[in-house]
Amino acid sequence: MYWAEFLTVALIHLLAVASPGPDFAIVVRESVAHGRRAGTWTAVGVGTGIFVHVAYSLLGIGLIVSQSIVLFNALKWLAAAYLFYIGIKALRARPAPAGALEVQTDGLARSARSAFMTGFVTNGLNPKATLFFLSLFTVVINPHTPLTVQAGYGVYLAFATGLWFCLVALLFSQARVRAGFARMGHWFDRMMGAVLVGLGIKLAFTELR
């Protein structure tokens, strides 16, 4: 009965998750800098962060945030500040010692908890995700759709997001790919830092519509 609605949700989500943004940038950076294990945990964190958006969408809190300029601005500035923080840290990267890539190949230099929280916070604080889920749960998904079915959509969205970024982590943590980026050394980290800072600036100027 709800297959048509589910397919619409899945298609919209696919288009949204495939668009490069803070989630993509942070998973790529973690995968290249710290290896597959760290990249995968970051991807899982991003996927788990979806539950934050699903929860407040189901509770109607997202609608309140969307109608309050103060709350929306507080959220976007908090998210922008976090992206600035991790971006500036990356910009200050120094040349890695010889053999550093081999040492970090298994991600031991980056704890699973730290990588997970990086992905979770990056996604959970993204106000663009707030607007996306608000529109999804108020325009695309029929308000009369049972909450259990809507919650099922949320589980799918979290799983699909996590799976997508796990594939991204798998790709960018390949030895050849990492070796290619490693030749740029600390310049790659600085480049990703610039991207994150740029995303933070873009996020800071996001307007509530």
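Residues numbered from 1 in each chain as written. Predicted model: local features only at pLDDT ≥ 70, side-chain atom pairs only at ≥ 80, totals over all residues. Heavy atoms only, no water.

As recorded in an unreviewed UniProt entry, the chain goes by LysE family transporter and comes from Aquipseudomonas campi.

**Digging into the packing of aromatic side chains**
Rule in force here: The criterion for an aromatic pair is that two Phe, Tyr or Trp rings (for Trp, the six-membered ring) have centres within 6.5 Å, with stacked assigned to planes under 30 degrees apart, edge-to-face to planes over 60 apart and tilted to the rest. For the purposes of this entry, the term helix denotes a DSSP run of H or I that reaches at least four residues, the term strand denotes a run of E that reaches at least two, and both are numbered from the N terminus. Burial classification: accessible surface area is computed with a 1.4 Å probe over protein chains only, and a residue below 20% of its type maximum counts as buried, one above 50% as exposed, and the rest as partly exposed.
Tallying each qualifying case throughout the model produces six aromatic pairs. Measuring from ring centre to ring centre gives 6.1 Å for phenylalanine 24 and phenylalanine 172, while their planes differ by 90°; the resulting arrangement is edge-to-face. Here phenylalanine 24 is found in helix H2 (residues 22-34), whereas its partner phenylalanine 172 is found in helix H9 (residues 147-172), with 148 residues between them in sequence. Judged by its relative accessible area of 27%, phenylalanine 24 falls in the partly exposed class. Between tryptophan 41 and phenylalanine 116 the ring centres are 6.5 Å apart and the planes differ by 75°, which places this aromatic pair in the edge-to-face class. Remark: phenylalanine 116 occurs in helix H7 (residues 112-124) and tryptophan 41 occurs in helix H3 (residues 36-59); sequence separation between them is 75 residues. Its relative accessible area of 36% is what places tryptophan 41 among the partly exposed residues.

**Description of the pattern of salt bridges**
Quick reminder of the rule: Any carboxyl oxygen of Asp or Glu within 4 Å of a side-chain nitrogen of Lys or Arg constitutes a salt bridge here.
The tally for this structure, following the rule as stated, stands at two salt bridges. The salt bridge partner of arginine 29 is glutamate 30, with a shortest N-O separation of 3.7 Å. We note a salt bridge from glutamate 30 to arginine 110, for which the minimum N-O separation is 2.8 Å. On the criterion of sequence distance, the pair formed by glutamate 30 in helix H2 and arginine 110 in the loop between helix H6 (100-104) and H7 is long-range, its members being 80 residues apart.

**Observations concerning the UniProt feature "transmembrane region" (unreviewed entry) in the chain**
Definition in use: UniProt positions are given in the numbering used here, feature names are shortened, and annotations may be inferred rather than shown by experiment.
The UniProt record annotates "transmembrane region" (unreviewed entry) at residues 41-63, 70-88 and 153-175. Secondary structure across residues 153-175 comprises 91% helix and 0% strand; the distance between its end C-alpha atoms is 36 Å.

**Details of H7**
What counts is decided by this rule: Working rule for helices: expected span equals 1.5 Å times residues minus one.
Taking 1.5 Å per residue, 13 residues should reach 18 Å; H7 reaches 18 Å between its end C-alpha atoms and fits that length. Turning to H7, its buried residues number three or more, namely Ala112, Ala115, Thr118, Gly119, Thr122, Asn123 and Gly124.

**A word on the packing of H2 against H7**
This is how the line gets drawn: Interaxial angles span 0 to 180 degrees and are taken between N-to-C directions of axes, which are lines fitted to C-alpha atoms, for helices over the stretch in contact. Any angle between 65 and 115 degrees counts as roughly perpendicular, while under 35 counts as roughly parallel, over 145 as roughly antiparallel, and the rest as oblique. The crossing is said to be left-handed when, going from far helix to near helix, the turn is anticlockwise and less than a right angle, and right-handed when the turn is clockwise. Should any heavy atoms of two residues lie within 4.5 Å, those residues are counted as being in contact. Classification used: nonpolar for Ala, Val, Leu, Ile, Met, Phe, Trp, Tyr, Cys and Pro, charged for Asp, Glu, Lys and Arg, polar for all others including Gly.
At a minimum axis separation of 9 Å, H2 and H7 run at an interaxial angle of 165°. One finds that H2 runs roughly antiparallel with respect to H7. Seen from above, H2 lies across H7 with right-handed handedness. In contact with Pro22, Asp23, Ile26 and Glu30 of H2, H7 contributes Ala115, Thr118, Thr122 and Asn123. Across the contact of H2 with H7, the residue classes tally to three nonpolar, three polar and two charged.

**What about the environment of alanine 160?**
By the element assignment, alanine 160 lies in helix H9. On the basis of relative accessibility, which here comes to 15%, the residue alanine 160 falls in the buried class. A sequence separation of 150 residues divides alanine 160 from alanine 10, and the C-alpha atoms of the two residues are 8.8 Å apart.

**A closer look at the nonpolar core**
Here is the rule: Put simply, a nonpolar core is a bunch of buried Ala, Val, Leu, Ile, Met, Phe, Trp, Tyr and Cys residues held in one set by side-chain atoms that sit within 4.5 Å of each other.
Among the nonpolar cores identified, the biggest contains 13 residues, and Ile50, Phe133, Leu136, Phe137, Ile141 and Leu157 are the most heavily contacted of them. For this core, the elements supplying multiple residues, two or more each, are helix H1 (3-17), H3, helix H8 (127-140) and H9. In this structure isoleucine 141 touches Glu5, Val9, Leu136, Gln150 and Tyr153, once residues within four positions along its chain are discounted. If you look at the next biggest cluster of nonpolar residues, it comprises eleven residues, including Val17, Ala43, Phe165 and Phe172.

**A few points about the side chain of arginine 110**
What counts here: Residues adjacent in sequence count toward polar contacts only when both atoms are side-chain atoms; beyond that, a polar contact is any pair of N or O atoms within 3.5 Å, and within protein one must be able to donate a hydrogen and the other to accept it.
Taking relative accessible area as the criterion, arginine 110 reaches 18% and is therefore assigned buried. Of the polar contacts made by the side chain of arginine 110, one reaches the side chain of glutamate 30; its length is 2.8 Å. Not counting residues up to four positions away in its chain, the partners in contact with arginine 110 are Glu30, His34, Arg37, Ala38, Ala115 and Thr118.

**Some details on a nonpolar patch on the surface**
Formally: Two distance rules govern patches: like charges are joined within 9 Å, and nonpolar side chains (Val, Leu, Ile, Met, Phe, Trp, Tyr) within 5 Å, applied only to residues with over 30% relative accessible area and no salt bridge. Only the protein chains shown count as covering a residue, and every accessible area follows the Shrake-Rupley method with a 1.4 Å probe.
Taken together, the side chains of Phe159, Leu163, Leu167 and Leu170 define a hydrophobic patch exposed on the protein surface, amounting to about 400 Å² of accessible area. With respect to the element layout, phenylalanine 159 can be found in helix H9. On the accessibility criterion, phenylalanine 159 (59% relative accessible area) is exposed.

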